[in-house]
Each structure stands twice: as C-alpha cells, then as structure tokens.
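# Chain and residue survey
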Amino acid sequence: MKTLTTERLILREWTYDDVEDHHEYAKSPLVGPSAGWQPHKSIAESEAYLKKTIADGDTWALVYRENNKVIGSLGLHADKHRQGVSSRTLGYVLSADYWGRGLMREAVNAALDFAFTELDLQLVSVVHFPDNHRSKRVIQKCGFRFEGITKGGAQNNGTAVDTWCYSITKAEWKGEGGRPVPNHRFYQNPQCEYFPCHKTSDPEHFSCQFCYCPLYRLNDCGGNFELLSNGIKDCTNCLKPHYDYDGILKKLR
C-alpha cells in the first residue's frame, strides 16, 4: 500500500516493529467488539494478527504524526458482495485514546482519494453494526450513502448481527449529481420513522440536517408554505430546508 500523509496522520504499511503499539489498542474492550473481533488477550495474538495483515497487504497502519505512534488501522479489502464493478470495502479501527478528534474522518478521506484516483475504483462500500454510532458518524460525514440493512450480515462473538450498509461511487465522491462530498451540509437519517418527512421524488438527496426548519417563524422565509385560516403556516409541501442548506444559512444571516 502506498504511504499517504494527512495533516495529522501517516498511513503506511505495517511492520513487525508495530506489534506493541497495535497490542496497546487491540487489547481494549472498547475497540475490537465494535468492529467484530474480541480484545487481544496476549502479545502473541497481536503478533499473529500482524503477520496476516502484512501478508494480505491491503491495510494501512495509522501513525499519529505528533508522537509517531501507531493508533489504529484502515484497510481497503476485497468486496465479496459485488460483481461487475471495480470496488473495495473499507474497514477501520482507532485507539479509544484518540476518539473524538476527527482523525478517522481524516484517514478515510485520504483513503477515498487514493481509491478513486490511483486505484481507479468505481465504488467503495462500508458497513457498521447497529450500535456503533461513532463509525456511523464517520461514514456519514465522509459522504457515504445509506443502502440498507443486511439482516444477520456478520457475526460478532459468535452471534449473528445486522449490518448497516453504505457506499460511495467515484461520481459521488467527485461531487457529480448535485451534491458535493465529503460535505458538512448533508445529513440523512433513513432509519427515522418519518423519513422522508415530506413527499419527494428524490429521497436519495433528502437531507435531515434541518429536522425542524429554522425559518418557520419568518413570514418571508422563501419557502413553499400555505397560510391557514387560523394563521398557522402549513409547510407540508415545502422542501427548502431539506435541499437548500446554503439558502437557509443565507436567510438566517
């Protein structure tokens, strides 16, 4: 795997010298179970994992540039669920000591750039378990689109669990089709019981960023509303907050 560099990280090939850093986060009960494997019980277990990872050659070690420490991994693995399209599936873990800093999002964006420009892939997929909300946020912030839920899609500690499936195509990553990605302007919660809460012919681009319209109390909000006889605004047919992020911010200013 080619070495990639970001503002705070180096994504490079693994070496056997990384075993202690790897074992340090792999033994944590916070890390492995959310990715589908049990915490490592010994340095020997971490050595065995590292041997296989180096042999496979499809996973980077994530090095934190500030202290030159390996703090996680990120891989572009063979996508066994798709045929007829050049694709790989993304997998990653990060030391719990480094959660909440936006580091994995930084690493995923670098990997996507490599996947679509140098590997010339047409699609990258990724999944997470239902309760892995941290991974879900990374996936959404990096522009992946929700595809659906695979019932019993994986095993975790010998138990069948569902997997939430996402993908991003090369065209979507480039920003074609009306929605640039990755992008802080878009958030979608397709598991909401009301999704989409307004009728639309384009649910794929329906954004839940503004669940409640911040312009509702403005008479000149610019939306497609109807004023009822009792003076209440009926916004049933208005899609402005779900497709016009910049327009909403402009009006607020």
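Residues numbered from 1 in each chain as written. Predicted model: local features only at pLDDT ≥ 70, side-chain atom pairs only at ≥ 80, totals over all residues. Heavy atoms only, no water.

What follows covers the side chain of Ser125. Checked against the element boundaries, Ser125 lands in strand E6 (residues 123-128). There is a polar contact of 3.1 Å between the side chain of Ser125 and the side chain of Thr89. Discounting chain neighbours no more than four positions away, the residues touching Ser125 are Asp79, Arg82, Arg88, Thr89, Leu90, Phe144, Tyr166 and Ser167. (Helix = DSSP H or I, 4+ residues; strand = E, 2+ residues; numbered from the N terminus. Polar contact = N/O pair within 3.5 Å; in protein donor to acceptor, adjacent residues only side chain to side chain. Contact = heavy atoms within 4.5 Å.)

Right, let's talk about the state of the cysteines for a bit. Following the criterion strictly, the structure yields 0 disulfides and no others. Looking at the unpaired Cys235, the closest cysteine sulfur is the one in Cys238, lying at 5.8 Å. For Cys235, a relative accessible area of 24% gives the class partly exposed. (Disulfide = S-S within 2.5 Å. Buried < 20%, exposed > 50% of the residue type's maximum accessible area, 1.4 Å probe, protein only.)

For the pair helix H1 (residues 19-26) and helix H3 (residues 43-56), interaxial distance at closest approach is 9 Å and the crossing angle is 115°. In terms of orientation, H1 lies roughly perpendicular with respect to H3. Note that H1 runs across H3; the crossing there is right-handed. For the pair H1 and H3, the contacting residues are Val19, Glu20, His22, His23 and Ala26 in the first and Ile43, Ser46, Glu47, Tyr49 and Leu50 in the second. (Axes fitted to C-alpha atoms, helices over the stretch in contact; angles between N-to-C directions. Parallel < 35°, antiparallel > 145°, perpendicular 65-115°, else oblique. Left-handed = near helix turned anticlockwise from the far one by under 90°.)

The next subject is H1. Burial in H1 covers these residues: Val19, His22, His23, Tyr25 and Ala26. Buried residues belonging to H1 abut H3, strand E4 (69-78) and strand E5 (87-94).

Where side chains of opposite charge bring their charged atoms close, a pairing between them can arise. Within this structure, the stated rule accounts for 13 salt bridges. A salt bridge links Asp79 to Arg82, with the nearest nitrogen and oxygen atoms 3.0 Å apart. For Arg82, a relative accessible area of 24% translates into the label partly exposed. Taking the shortest distance from any N to any O, the salt bridge between Asp244 and Lys240 comes out at 3.0 Å. Classification of Asp244 by relative accessible area gives partly exposed; the value is 29%. Among the residues examined, Lys240 registers a relative accessible area of 22% and is labelled partly exposed. Bridged by salt links that share partners, the residues Asp21, Glu24 and Lys69 form one connected network. (Salt bridge = Lys/Arg side-chain N within 4 Å of Asp/Glu carboxyl O.)

With that settled, the discussion passes to helix H5 (residues 133-141). Buried within H5 are the following residues: Ser135, Lys136, Val138, Ile139 and Gln140. The inward-facing, buried residues of H5 contact E5, helix H4 (103-117), E6 and strand E8 (159-169). Following H5 by one or two positions, Gly143 has its phi on the positive side, about 95°.

A word on a nonpolar patch on the surface. On the surface, Tyr216, Leu228 and Ile232 cluster together into a nonpolar patch covering about 250 Å² of accessible area. As for its placement among the helices and strands, Leu228 is situated in the loop between strand E9 (226-227) and strand E10 (233-234). Exposure remark for Leu228: the relative accessible area of 34% places this residue in the partly exposed category. (Patch = residues over 30% accessible without salt bridge, like charges linked within 9 Å, V, L, I, M, F, W, Y side chains within 5 Å. Areas by Shrake-Rupley, 256 points an atom, 1.4 Å probe, with all protein chains shown as cover.)

Taken as a whole and judged by the stated rule, the model has 8 aromatic pairs. Measuring from centroid to centroid gives 5.2 Å for Tyr64 and Tyr98, while their planes differ by 65°, and the two rings are edge-to-face. Taken together, the residues Tyr64 in strand E3 (residues 59-64) and Tyr98 in the loop between E5 and H4 connect sequence positions 34 residues apart. In this structure an aromatic cluster arises from ring pairing among Phe146, Trp164 and Tyr166. Over the face of the ring belonging to Tyr216 we find Lys233, whose NZ or CZ atom lies 5.2 Å from the ring centre. Above the plane of the ring of Phe225 lies Lys233, whose end atom (NZ or CZ) is 4.5 Å from the centre. (Phe/Tyr/Trp six-rings, centres within 6.5 Å; stacked < 30°, edge-to-face > 60°. Lys NZ or Arg CZ within 6 Å of the ring centre and 35° of its normal.)

A separate point is the confidence of the model for the protein. Low-pLDDT stretches of the model should not have their predicted coordinates read in fine detail. Confidence in the prediction for the protein averages 89 pLDDT; 96% of positions are at 70 or higher. Counting interchain partners and residues more than four positions distant, the pLDDT-below-50 stretch residues 178-182 has 17 contacts. (pLDDT = per-residue confidence, 0-100.)

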